[in-house]
Amino acid sequence: MSANEKLAKWVNEVASVTQPERVAWCDGSEDENRRLIEGMVKDGTLLEMNQSKYPGCYLHRSHTTDVARTEHLTFICSKTKDDAGPTNNWMSTDEAKTRVWPLFQGAMKGRTMFVVPYLMGPAGSPYSKVGIELTDSPYVVANMRIMTRMGKAALDHLGARGDFCKGLHSLGDLSPERRFICHFPEAREIWSIGSGYGGNALLGKKCFALRIAGPMGRDEGWLAEHMLILGLEDPQGQVTYMCAAFPSACGKTNLAMLIPPEGFKSKGWKVWTVGDDISWMHYGPDGRLYAINPEAGFFGVAPGTSDQTNPNAMAAVKKNTIFTNVAVTEDMCPIWEGMEGFSLPKVTDWTGKAWPPPAAHPNSRFTAPAKQCPSVSKEFDNPQGVPISAIIFGGRRAKVAPLVYQSMNWAHGVFLGATMASETTAAATGQVGVVRRDPMAMLPFCGYNMGDYWGHWLKMGERGGDKAPKIFHVNWFRRDVNNKFLWPGFGENLRVLKWILDRVQGKGSAVETPIGSVPTGDGIDTAGLKLGAGVMDQLLAIDRQAWKEETRGIQEFFGKFGERLPAAMREQLEQLKKRLAK
Ligand code: SAT
Ligand code: MN
């Protein structure tokens, strides 16, 4: 129980509608977690992994129709449709009340309703926020315990009078027909029913930390972004912090945990991980922009993660980790496509059967405590966060976008973010590999009109002036005429981060092009890297014709926003067109 009256009242109200058999207040303790896990192992919700090789690790197999975020069932229930904007599904609050609320009626009968207080952000941080999730899924509770500071830390922060984001979640009958994820930005409230998976159900993540926190940031003067946070340490031991936005399943976790290539590592280059998915950014007392990671764990994509691609993640998932929809070996160790030893003949797939590929679901995940990651930053719990020097936008583009370029100024940087595009991935239900505009990697996560969101970004830059971070764009995924990736990616991406650092420090060589500053041929340190002849030129090439087509796509996209498109964005597009025509 809590001394917070508003909380007690809301819990009672919800319980009288959902009618659970019992209500359990979660304190986040070891003891409570052990009891929950024992119960889930008993009823088959969790399977025990090999406890000598993976102590404290469990496997969950989700319903086969519930394996990713369902964006078409995700709604912003703002006062007006225009407040949600053209990129969101909108539902009126009245419709939500008549269409969605009745699904909660008696939904928790025979189940336990868990009251999960959670803190987004470090304890004692002026930037941290409290959420309360009411859920009938013990799997969700166990995940929230890893992903957030759950229980006592949150109630302490809340106090008797503090405010919180209300999140109501029920598995319902898990049917996609009766699945809705509704957000009420004005009331700072979330209703989610019919899914137990990831961002649909762990309400602290995309629902609160992005879709609700976004409008809060707009009102209060800060940014809630779909970004990793990393610290780049140079050989002198100086650490520079950067945030980077990429769409789901485009390598944020890998970049946040990057291990530099040999020649760099031995000189003392190092990457420290502050966050892999979400960044909340506020101006600090010294006028610089500071970022905190509101989360406490990683909900990372398993397939493709290996000792080769991300040794830090592999180390982080060795204990106390919940695996969801991965495959298992005969001795109950997790395994997936791309992981060492994968070709083992006897693998059980993510549905529990012999494996017709894929063995692991393409969106299978690990939920691991951030503190278990060998590269976790010493500043992870710093209540002030870390000062950000560079913001990086990135997409998955076979063509058009070069490996890296720098914006001319903040407004142009906002334009780069606003016009980002990327090929879709398995992180959301739907077609994979089609190019869609994904501004700031926030397309599925911006809880208000995206035109207003860009306006807020512009204002944030004005406020920062000279101290605002520099803005860049990267693309690790450019392909050659034979459709092969041109850039090796992973650890080698450090070379690009180093150029970005150089630029931030007023060094690093670049040429001015119509789209921004692109590294000169020797701008990026390629020592020890075996790139084919001409590959760097291809990676940095700007195809004017392709860019002219790009501006037509941007124009069409911007057209959707009508009056809500900031004039500065229209102006940026006109200037780009002029530069390309010259
Ligand atoms: O499923 S989540 O939204 O938590 C992860 C993602 O899509 O990035
Ligand atoms: Mn994400």
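All figures in this text were calculated on a predicted structure; none of them were measured in a lab. (Residues numbered from 1 in each chain as written. Chains lettered and ligands numbered in written order. Predicted model: local features only at pLDDT ≥ 70, side-chain atom pairs only at ≥ 80, totals over all residues. Heavy atoms only, no water.)

Some points on the environment of Gly 39
Piece 1. By secondary structure assignment, the location of Gly 39 is in helix 2 (residues 30-43).
Piece 2. Taking the relative accessible area as the measure of exposure, Gly 39 reaches 33% and is therefore partly exposed.
Piece 3. In this structure, the C-alpha to C-alpha distance between Gly 39 and Pro 138, residues 99 residues apart in sequence, is 8.8 Å. (Helix = DSSP H or I, 4+ residues; strand = E, 2+ residues; numbered from the N terminus. Buried < 20%, exposed > 50% of the residue type's maximum accessible area, 1.4 Å probe, protein only.)

What about the coordination of the manganese ion (ligand 2)?
Piece 1. Coordination sphere of the manganese ion (ligand 2), protein contribution only: Lys 206 (NZ), His 226 (NE2) and Asp 277 (OD), at 2.0 to 2.2 Å.
Piece 2. Every donor residue of the manganese ion (ligand 2) comes from the same chain, spaced as K-x19-H-x50-D. Here His 226, found in the loop between strand 11 (223-225) and strand 12 (227-233), pairs with Asp 277, found in the loop between strand 14 (270-275) and strand 15 (279-283); they are 51 residues apart in sequence, far enough to count as distant.
Piece 3. Classification of His 226 by relative accessible area gives buried; the value is 0%. (Donors = N, O, S within 2.8 Å, 3.2 Å for Na, K, Ca; no water.)

Structural notes on helix 2
Since one α-helical turn is 3.6 residues long, residues separated by three or four positions face the same way.
Piece 1. For helix 2, built from 14 residues, the straight-helix expectation of 20 Å at 1.5 Å per residue is met to within 8% by its first-to-last C-alpha distance of 20 Å.
Piece 2. Within helix 2 the residues assigned to the buried category are Glu 32, Asn 33, Leu 36, Ile 37 and Met 40. The buried residues of helix 2 all sit within an arc of 130° when viewed along its axis, so they share a single face. In helix 2, the exposed positions angled more than 90 degrees off the buried face are occupied by Glu 30, Arg 35 and Lys 42.
Piece 3. Summarising the contacts, the buried residues of helix 2 are in contact with strand 1 (22-25), strand 3 (58-60), strand 5 (112-120), helix 6 (138-147) and strand 7 (149-150).
Piece 4. Remark: Gly 44 follows helix 2 within two positions and exhibits a positive phi of approximately 85°. (Expected span 1.5 Å × (residues − 1). Arc of directions from axis to C-beta. Contact = heavy atoms within 4.5 Å.)

Structural notes on the sheet that holds strand 21 (residues 347-348)
Piece 1. The strand order 20-19-21 describes an open sheet built from three strands, whose pairing is antiparallel. Each of the sheet's edge strands pairs with one partner strand only, and the pair in question is strand 20 (334-335) and strand 21.
Piece 2. The sheet contact formed by strand 19 (residues 327-329) and strand 21 spans two bridges and is antiparallel. Its bridge partner lying in strand 21, Val 328 is registered against Thr 348. (Pairing = 2+ DSSP bridges.)

Description of the domain arrangement of the protein chain
Piece 1. Assigned domains of the protein chain: these are domain 1 (5-48 + 65-220) and domain 2 (225-295 + 380-581).
Piece 2. Between domain 1 and domain 2, the C-alpha centre-to-centre distance is 31 Å.
Piece 3. Opposite the 37 residues of domain 1 that make contact, domain 2 presents 36 residues.
Piece 4. Interface of domain 1 and domain 2: buried area, both sides summed, is about 3,100 Å²; carbon and sulfur atoms make up 54% of it.
Piece 5. Ranking the residues of domain 1 by area buried against domain 2 places Thr 87, Tyr 127 and Leu 210 at the top, with a combined share of 24%.
Piece 6. Counting the contacts that link domain 1 with domain 2 gives seven salt bridges. (Domains from an automatic or database assignment. Buried area = accessible area lost by both parts, 1.4 Å probe. Salt bridge = Lys/Arg side-chain N within 4 Å of Asp/Glu carboxyl O.)

With respect to unusual backbone geometry
Note: most residues except glycine have negative phi, and most peptide bonds are trans.
Piece 1. The peptide bond linking Pro 357 to Pro 358 adopts the cis configuration, its omega dihedral lying at 0°.
Piece 2. With respect to the helices and strands, Pro 358 occurs in the loop between strand 21 and strand 22 (365-369).
Piece 3. Positive phi outside glycine occurs at Ala 249, with the angle close to 65°.
Piece 4. Positioned with a positive phi, Ala 441 is a non-glycine residue whose angle comes to about 60°.
Piece 5. Under the relative-accessibility criterion, Ala 441 is labelled buried at 0%.

Here we look at the site of ligand 1
Piece 1. Taken together, Arg 69, Gly 198, Gly 199, Lys 205, Lys 206, Ser 248, Phe 299, Arg 365 and Ala 427 make up the full set of residues near ligand 1.
Piece 2. Arg 69 places a polar side-chain atom, nitrogen or oxygen, 2.8 Å from an oxygen atom of ligand 1.
Piece 3. Elements that contribute at least two residues to the shell around ligand 1 include exactly helix 8 (198-201) and helix 9 (204-220).
Piece 4. Grouping the amino acids of the shell around ligand 1 by side-chain chemistry returns two nonpolar, three polar and four charged. (Near = heavy atom within 4 Å. Polar contact = N/O pair within 3.5 Å; in protein donor to acceptor, adjacent residues only side chain to side chain. Nonpolar A, V, L, I, M, F, W, Y, C, P; charged D, E, K, R; others polar.)

Quick notes on the sheet that holds strand 18 (residues 322-324)
Piece 1. As summarised here, the arrangement of the five strands in space is 2-3-18-22-17, forming an open sheet in which the pairing is mixed. Both outer strands of the open sheet, strand 2 (47-48) and strand 17 (297-301), are each paired with one neighbouring strand and no more.
Piece 2. Pairing of strand 2 with strand 3 involves two bridges; the strand directions are antiparallel. The residue of strand 3 that forms the bridge with Glu 48 is Tyr 58.

Some words on the pattern of salt bridges
Piece 1. Under the counting rule described, the total for this entry stands at 31 salt bridges.
Piece 2. Two residues, Lys 206 and Asp 277, come together in a salt bridge whose shortest N-O distance is 2.7 Å. Of this pair, Lys 206 sits in helix 9 while Asp 277 sits in the loop between strand 14 and strand 15, placing them 71 residues apart in sequence.
Piece 3. Since its relative accessible area comes to 5%, Lys 206 is described here as buried.
Piece 4. Across the pair Arg 564 and Asp 452 runs a salt bridge whose closest N-O atoms are separated by 2.9 Å. Of this pair, Arg 564 sits in the loop between helix 17 (544-559) and helix 18 (567-581) while Asp 452 sits in helix 14 (residues 450-464), and the two are 112 residues apart along the sequence.
Piece 5. What makes Arg 564 partly exposed here is its relative accessible area of 23%.
Piece 6. Each of Lys 205, Lys 206, Lys 252, Asp 277 and Glu 295 takes part in a single network of salt bridges with overlapping partners.

Describing the pairing of strand 5
Piece 1. In terms of burial, strand 5 is largely enclosed, as nine of its nine residues are buried.
Piece 2. The two faces of strand 5 match: Thr 112, Phe 114, Val 116, Tyr 118 and Met 120 on one face and Met 113, Val 115, Pro 117 and Leu 119 on the other face are all buried.
Piece 3. As judged from the four bridges shared by strand 1 and strand 5, these two strands associate in the parallel manner. Within strand 5, the position partnered with Arg 22 by the bridge is Thr 112.
Piece 4. Relative to strand 6 (residues 129-135), strand 5 runs antiparallel, the two sharing seven bridges. Across the sheet, Val 116 pairs through a bridge with Glu 133, a residue of strand 6.
Piece 5. Looking at chain direction, strand 5 and strand 7 are connected through two bridges and run antiparallel. Within the sheet, the bridge partner assigned to Tyr 118 lies in strand 7 and is Met 150.

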